[in-house]
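Residues per chain, in single letters:
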Amino acid sequence: MVKAAILGYGTVGSGVYEVLKKNRDIIADKLGDEIQVKYVLDLREFEGDPVQEVLVHDVDTIIDDTEVAIVCETMGGEHPAYEFTKRALESGKSVCTSNKELVEKHGPELIQIAKEHRCSYLFEASVGGGIPIIRPLRTSLAQEEILSITGILNGTTNYILTKMETEGLAFETVLARAQEKGYAEKNPDADILGFDACRKIAILTSLAYGKKVDFEDITTEGITSIAAVDFAYAKKMGATIKLFAKSVKKDDKYYAIVAPFIVKPENPLYAVKGVFNAILVNCNMGGETMYYGKGAGKLATASAVVADVLDCARHTGRHLDIRWEDQKLEIASIDGAIRKFFVRVPAACEAQIRKVFGEVEMFQDVADGECGFVTEEMTEAQYRDKAAEFDSILSMIRVD
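Residues numbered from 1 in each chain as written. Predicted model: local features only at pLDDT ≥ 70, side-chain atom pairs only at ≥ 80, totals over all residues. Heavy atoms only, no water.

> Describe the overall build of the protein chain, listing the residues and the values that go with them.
The helix and strand inventory of the protein chain stands at 15 helices and 19 strands. A compact globule built from 400 residues should have a C-alpha radius of gyration of about 21 Å, and the protein chain, at 23 Å, falls within 12% of that. Taken over the C-alpha atoms alone, the protein chain extends approximately 75 × 45 × 35 Å along its principal axes. Taking all 400 residues of the protein chain together, 54% fall into the buried category. A separation threshold of at least 6 residues defines the contact pool for the protein chain, and within that pool the share at least 24 residues apart is 71%. When the accessible area of the protein chain is evaluated, it comes to approximately 17400 Å², of which 47% is carbon and sulfur surface. Treating the 47 positive side-chain charges of the protein chain as one cloud and the 63 negative ones as another, the clouds have centres 3 Å apart. (Helix = DSSP H or I, 4+ residues; strand = E, 2+ residues; numbered from the N terminus. Rg over C-alpha atoms; globule rule 2.2 N^0.38 Å. Buried < 20%, exposed > 50% of the residue type's maximum accessible area, 1.4 Å probe, protein only. Contact = heavy atoms within 4.5 Å. Areas by Shrake-Rupley, 256 points an atom, 1.4 Å probe, with all protein chains shown as cover. Lys, Arg positive; Asp, Glu negative; His and termini not counted. Charge placed at Lys NZ, Arg CZ, Asp CG, Glu CD.)

Set out below in structure tokens:
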């Protein structure tokens, strides 16, 4: 019997407990052994909940128990999750986590500690929730050169943009609805400003190229400036708008960005709606593969944590290696990234637009008092210089 502990009995922690209990027989059959939750750590009491039988309030109870082989860290945040994780690994216990903040900030260090103590630090649930993506990067795509990763990595923003498109609602209206449904936090800044997706693409890029990416180095724009009129233009183009988290390797340089993009139907991510997430990986040999599913949610995320638990249980006393050095991966200035741009300006003559931007695709009959156009491919720096020649730019959205 493999004995495990759960740190934190919140949404994900209670989900891990539920998955291990409800699927106990399925897990035992596939693993060839039973996984027993010996402890659940939380400061609160849960009267009437079966978890009360295994509830403890002192992490030392778990760290000092040599029977506990695997710890599920589902506390969230950096502290005290970092200290508890480090102590567990140093005691030879493998740790499985859903904590993207901790993974992004301390992943290489914690992986190295696990290696030194013949255990593992796994974090499948930290990026795609219930979508398996880290394990494919580590195993199925290990032989590939990753050319790009493009993801819809935040269900809240995808839900908001989907509702804006399909129901013609304003951003503020849909955000309020998302909060009522529990899809958005009371303080939604991490989602709507792009920070959540930024941490996730930082982790994926680090794993793809084996070196640490600091999320502060990634150009990040949220969806707060997207308006209903932008979707009207997108519809005219036969396209939609998505918040993409994207990293690209080109000419030995690495670019990364989180921002809204105009997306055409030929892109597989075009069809990803509502709270669903997806990640598109482009490799030099195998081409494109896409990973799709629920990017968040109690049981979807918990299921990914438990998948890591099974992996650790199959390799007790061994380190499951993840190539992620503490050496920094330099992210190139976004100025050199090449793409098309969709631009809205106050009503201006087509001749002026073409004089500045050259050949463009014009849209003049969508909204009163303005027009929109799509540029030819150019660098971000070139776009910025050309845009400066106009008195006013109403909005700009990059085109994928």
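> Quick one: what's the story with the nonpolar core, residue by residue and with numbers?
Formed by 117 residues in total, the largest nonpolar core has its most connected members in Ile35, Tyr121, Phe123, Ile160 and Leu204. The element that contributes the greatest number of residues to this core is helix α11 (residues 195–209), accounting for nine residues. Judged by nonpolar contacts, the second largest core, of 14 residues, contains Phe357, Met362, Tyr383 and Phe390. (Core = buried A, V, L, I, M, F, W, Y, C linked by side-chain atoms within 4.5 Å.)

> Give a detailed account of the side chain of Lys93, specifying residues and quantitative values.
Topologically, Lys93 is positioned in the loop between α4 (81–90) and β5 (94–97). Here Lys93 occupies a buried position and makes no salt bridge, while the nearest side chain of opposite charge, Asp65, is found at 5.9 Å. A polar contact is formed between the side chain of Lys93 and the backbone oxygen of Val68, at a distance of 2.9 Å. Setting aside its immediate chain neighbours within four residues, Lys93 contacts Ile62, Ile63, Asp65, Thr66, Val68, Ala69, Val71, Ala88 and Cys119. (Salt bridge = Lys/Arg side-chain N within 4 Å of Asp/Glu carboxyl O. Polar contact = N/O pair within 3.5 Å; in protein donor to acceptor, adjacent residues only side chain to side chain.)

> Which residues make up the pattern of salt bridges, and what values go with them?
The final tally for this structure, using the stated rule, is 34 salt bridges. Asp196 is paired through a salt bridge with Lys200; the nearest N and O atoms lie 3.0 Å apart. Here Asp196 and its partner Lys200 are both found in helix α11, four residues apart, which amounts to about one turn of the helix. You can call Lys200 buried: its relative accessible area is 7%. Of the charged contacts in the structure, one is a salt bridge between Arg384 and Asp335, with a shortest N-O distance of 3.1 Å. Separated by 49 residues along the polypeptide, Arg384 in helix α15 (residues 380–387) and Asp335 in the loop between β14 (325–328) and β15 (338–346) bring together distant segments of the chain.

> With reference to specific residues and values, describe unusual backbone geometry.
Here the bond from His79 into Pro80 is cis, since omega is 5°, no more than 30 degrees from zero. Locating Pro80 in the fold gives a position in the loop between β4 (68–73) and α4. The phi angle at Arg118 is positive, at roughly 55°, despite the residue not being glycine. One can find Arg118 in the loop between α5 (100–116) and β6 (121–122). Using a relative accessible area of 56% as the deciding quantity, one classes Arg118 as exposed.

> Quick one: what's the story with the environment of Ile331, residue by residue and with numbers?
By the secondary structure assignment, Ile331 is in the loop between β14 and β15. Its relative accessible area of 13% is what places Ile331 among the buried residues. Note: C-alpha distance between Ile331 and Ala256 (75 residues apart in sequence) is 6.8 Å. Setting aside chain neighbours within four positions, we find Ile331 in contact with Val213, Asp217, Tyr254, Tyr255 and Ala256.

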